[in-house]
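Fold and contact review
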Amino acid sequence: APLCIVNWTNEEGSRFAPAMMASAAYVGDFTVEDILSRKDADGVTVGEALDGIGYRGESKVGTQKFSGFVELHIEQGPILEAENKTIGVVDHGQGVFWYDGKVTGFESHAGSTPMPLRRDALLALSEFALTLEQIALKLGPNAVATIGEAVIANPSRNVIPGEIAFTIDCRSANADTLEALDASLRAAASEIAKKRKVEIAIDQVWRKPPTHFDPKLVDAGERAAGALGYAHRRITSGAGHDACNLNTIMPAAMVFVPCKDGISHNELEDATQSDCAAGANVLLHTVLSLAGVAS
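Residues numbered from 1 in each chain as written. Predicted model: local features only at pLDDT ≥ 70, side-chain atom pairs only at ≥ 80, totals over all residues. Heavy atoms only, no water.

So, the packing of helix α7 (residues 215-227) against helix α9 (residues 273-290)
- Running from N to C, α7 and α9 point in directions that differ by 125°, and their axes come no closer than 8 Å. Taken together, α7 and α9 sit at an angle that is classed as oblique. Two packed elements cross with a definite hand, and for α7 against α9 that hand is right-handed. In this structure, α7 uses K216, L217, A220, G221, A224 and A225 to contact α9, whose residues at the interface are V282, H285, T286, S289 and L290. (Axes fitted to C-alpha atoms, helices over the stretch in contact; angles between N-to-C directions. Helix = DSSP H or I, 4+ residues; strand = E, 2+ residues; numbered from the N terminus. Parallel < 35°, antiparallel > 145°, perpendicular 65-115°, else oblique. Left-handed = near helix turned anticlockwise from the far one by under 90°. Contact = heavy atoms within 4.5 Å.)

Given below as structure tokens:
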């Protein structure tokens, strides 16, 4: 079978949202028109940006068909480096629940309002954040939760915060664990809101179920790593990738290589040339075996 190398547009989502937009359009999660209309911080659309560099292309999205997809990526985590493994054979990808939240208390004077009479939105969110940590720990080890943004409305040094907008990111490779996270965080929000006399609204804005990569492709990657003599292990992807989108309509799998200290999305991100070459070698021999070519 013929081999095709694909570079999906905007995998990271740094300039345009959502991330992994090209593969998402390919599998039908978004329309092409929707994706092309997305704007960056300066108001430039994806379509305009692609036209500007001559990358719009003439073929209709979805015209090119594949029998399978294997993706190479840095781990974006510390496990491979910590275990001195060169290759991670990815068998699962974490599911993701995203939420937008808002705590509504009451703004009042920081000096003249007694502590028992306050409806402090920040203290409510602080208690909720610590409770969310305990929920994730209790449901672990394969559960994580993060409040990545918190913005006080009309902040002032001498005013008790009355309103805070925040976000939540919950992930697990187990669907039941994700549902348990959802139920637990909602129950915690309700209890804390009642105790602190505030309102806590939580709106789920995105949910992606866990990815279970095709066993045949995963096995092929593992065989390739072993045949080439690389130290390897099976691993779960903590981040989203194009392969997770493709896996919904075709067999897919992934190959990871280590990155220094597990750092990603940061200027300190670093992967060695030898590790990258090893990953490319495993990718090559994996797809050759799947295509029926002796390698």
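Thoughts on the nonpolar core
- Membership of the largest hydrophobic core comes to 30 residues, with the highest contact counts inside it found for F69, I87, F213 and L246.
- The set of elements that each furnish at least two residues to this core consists of α1 (21-27), β1 (69-74), β2 (87-93), α7, α8 (242-246), β12 (252-257) and α9.
- With 6 residues, β12 is the largest single contributor of residues to this core.
- Ignoring any residue separated from it by four or fewer positions in sequence, one finds F213 in contact with V90, D91, H92, G93, V218, A243, C244, N247, A252, A253 and M254.
- Counting residues in hydrophobic clusters, the runner-up holds 24 residues, among them A121, I135, C170 and V198. (Core = buried A, V, L, I, M, F, W, Y, C linked by side-chain atoms within 4.5 Å. Buried < 20%, exposed > 50% of the residue type's maximum accessible area, 1.4 Å probe, protein only.)

Re the pairing of β12
- Summarising burial for β12: 6 of the 6 residues are buried, a large majority.
- Of the two faces of β12, the one lined by A252, M254 and F256 and the one lined by A253, V255 and V257 are each fully buried.
- Note: β2 against β12, 3 bridges, orientation antiparallel. If you follow V89 over to β12, its bridge partner there is V255. (Pairing = 2+ DSSP bridges.)

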